[in-house]
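# Coordinates in review
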Amino acid sequence: MGDEMGRGKRIQDFRNLKMDSQTEKKEDTLFGFGNLKNGSEFVIEIEEKAKNEKKTSNTKNNTKKNNNQKTYPKKAKKNTEVTKKSPKSSKNNTSKNAKKEEKKKVSKWISIFLLTFIFVGVIAGCLVTPTFDVSSVEAIDGINVKNAEIQKYFTNVKGKNIFLVDTNAIEKEIEKHQYIYEADVSRILPNKLSVKYVERKQYAAIKYIESYVLLDKYGNVLEVIKENLNPELPIIYGMEGEDFIVGTKLEGVISLKFENIVYLLETMSHTGFKYKVTNINYTNLDELEIEIKELDIKIKYGEIQKDLLSDKVAYLNEVLKKLEDKKGFLDISSKNYSEKVIFTEKLN
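What this report covers is the structure whose coordinates are included nearby. (Residues numbered from 1 in each chain as written. Predicted model: local features only at pLDDT ≥ 70, side-chain atom pairs only at ≥ 80, totals over all residues. Heavy atoms only, no water.)

### Concerning the environment of V165
Inclusion rule: Secondary structure elements are defined from DSSP: runs of H or I of at least 4 residues count as helices, runs of E of at least 2 residues count as strands, and each element is numbered from the N terminus. Contacts are assigned to residue pairs that have any heavy atoms within 4.5 Å of one another.
Within the secondary structure, V165 sits in the loop between α3 (147–151) and α4 (167–174). Distance from V165 to D133, taken between C-alpha atoms, is 9.9 Å for residues 32 residues apart in sequence. Once residues lying within four places of it in the same chain are set aside, the contact partners of V165 are V134, V157, K160, I170, R187 and L193.

### Quick notes on the side chain of D216
Applicable threshold: Residue burial is assigned from relative accessible area. The probe radius is 1.4 Å, only protein chains are included, and a residue is buried under 20% of its type maximum, exposed over 50%, and partly exposed in between. What qualifies as a polar contact is a pair of N or O atoms within 3.5 Å, subject to a donor-acceptor requirement within protein and to the restriction that residues adjacent in sequence count only when both atoms come from side chains.
Inspection of the secondary structure puts D216 in the loop between β5 (211–215) and β6 (221–225). Residue D216 is classed as buried on the basis of its relative accessible area of 3%. Polar side-chain contacts of D216 include one of 3.3 Å to the side chain of R200. Excluding residues that lie within four positions of it along the chain, D216 makes contacts with R200, K201, Y203, L222 and F258.

### Topic: the side chain of N260
The topology assignment puts N260 in helix α5 (residues 252–270). On the basis of relative accessibility, which here comes to 8%, the residue N260 falls in the buried class. In contact with N260, other than residues within four places in its own chain, are Y282, L285, I304 and K306.

### Digging into helix α6 (residues 309–323)
Rules: To estimate the expected span of a helix, subtract one from its residue number and multiply by 1.5 Å. Note that the arc is computed from the directions linking the helix axis to the C-beta atoms.
For α6, with 15 residues, the first-to-last C-alpha span of 21 Å sits near the 21 Å given by 1.5 Å per residue. Within α6, burial applies to L309, K312, V313, L316, N317, V319, L320 and L323. Viewed along the axis of α6, the buried residues span an arc of 165°, placing them on a single side of the element. Exposed and facing more than 90 degrees away from the buried side of α6 are D311 and K322. Each element contacted by the buried residues of α6 is listed here: α5, β9 (287–292), β10 (297–302), β11 (328–331) and β12 (342–345).

### Concerning unusual backbone geometry
Residue L189 is joined to P190 through a cis peptide bond whose omega torsion reads 15°. Mapped onto the elements, P190 comes out in the loop between β2 (180–188) and β3 (192–199). Look at D296: it is not a glycine, yet its phi comes out positive at around 55°. With respect to the secondary-structure elements, D296 resides in the loop between β9 and β10. Classification of D296 as partly exposed rests on a relative accessible area of 27%. Despite not being glycine, E324 shows a phi value in the positive range, around 55°. Residue position: E324 is located in the loop between α6 and β11.

So this is what it looks like as C-alpha cells:
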C-alpha cells in the first residue's frame with residue numbers, strides 16, 4: 001500500500017514535471033528558444049490556427065456578402081414597382097399634351113374666326129359707306145389723246161364704290177383707242193381713280209385718194225384725215241388697193257412694203273444720214289424712190305435688201321455730200337451701186 005502510494009506520487013510528480021517542461025518549451029518557442037523540432041511543430045500548430053481563423057473570417061465575409069445580395073431583390077421589387085408606375089405616368093403625360101394641343105387648336109380657330117369676322121365687317125363697311133364712291137378720274141392730255149376722251153370710259157363708274165370698279169376691264173377698253181398702246185388705271189383712296197397711258201406716235205402717212213392715212217411704226221392705222229397737219233411725217237405713195245380702218249393693222253403686200261420703209265428710215269436714223277426723206281414712192285417691191293426736198297433731189301433706190309441696207313445708206317450719204325448744191329435725179333438702183341451711179345442734173 002505504501003509502495004503504491006509512493007508510485008502514484010512519483011507518477012504525479014513526473015506528469016507535473018512534464019507539464020512544466022512543455023510550458024517552458026512553449027514559452028521558449030514563442031520567444032525563439034527551445035528545441036527546433038518542438039518549435040516547428042508549434043509553428044505548424046499556429047499556422048493551422050491562422051488558417052482556421054482565415055477560413056472562419058472568409059465564411060463570415062461570405063455570409064455578409066450573401067446578406068448584402070439578399071437585399072437586391074428588394075431593390076428590384078422597387079424598380080419593378082417604378083416600371084409598373086411609369087406606363088400610367090406616360091399615359092397621363094400624353095393625355096395632358098393632347099389636352100394642351102386641343103386647347104391650342106380651339107384658341108387658334110377662335111382667333112381665326114374673330115379675325116375673319118373683323119375683316120368681313122371692315123369690307124362690308126367699305127362697300128356700304130359713300131366715302132369710297134368714285135367722285136373723279138384724273139388723266140393728263142397727251143399729244144393726240146385728250147382728257148375728255150379718257151373721261152368717256154368712266155361715265156358709268158362715277159358714283160360707284162371704288163372697290164367694285166373693275167380696273168382691268170376699263171384698261172382693256174382704253175387700249176382699244178387707236179392712239180393708246182398701254183393703259184393703267186389705279187385707285188387713289190378714298191374716292192379717286194388715276195389713268196396713265198402710253199401713246200402711239202405718228203410715224204408716216206399714206207396718201208390714199210384724197211385723204212391721208214396716219215400710221216405708227218408698227219403699221220397700226222391711227223387716223224384717216226383729209227389734210228396732213230404734221231409736216232414732219234414722210235408721205236408714202238403707191239400703197240393703194242386696200243381699205244384702211246382705224247384701229248387695225250396693215251396686212252398683206254402693203255404691210256410688207258411698209259415694213260421695208262421702216263427698215264430704210266430707221267437705218268438712216270442710226271447710221272447718221274444727214275438728210276430728211278419727205279416723200280416715198282413704192283409702187284413695186286423692187287422699185288422704191290425717195291425724195292429729199294431740202295436738196296431738191298429724187299433718188300431711185302431700187303430693191304430693199306436688209307443685209308446690204310447699212311452699207312448702201314452710208315454710200316448714198318457720201319454721194320449726196322459730193323453733189324453739194326446740185327439738183328436733179330440720182331439712180332443707185334443697180335446691184336453694183338458702188339460702181340454704177342447715175343446722176344441727172346436738173347436744169348433751171
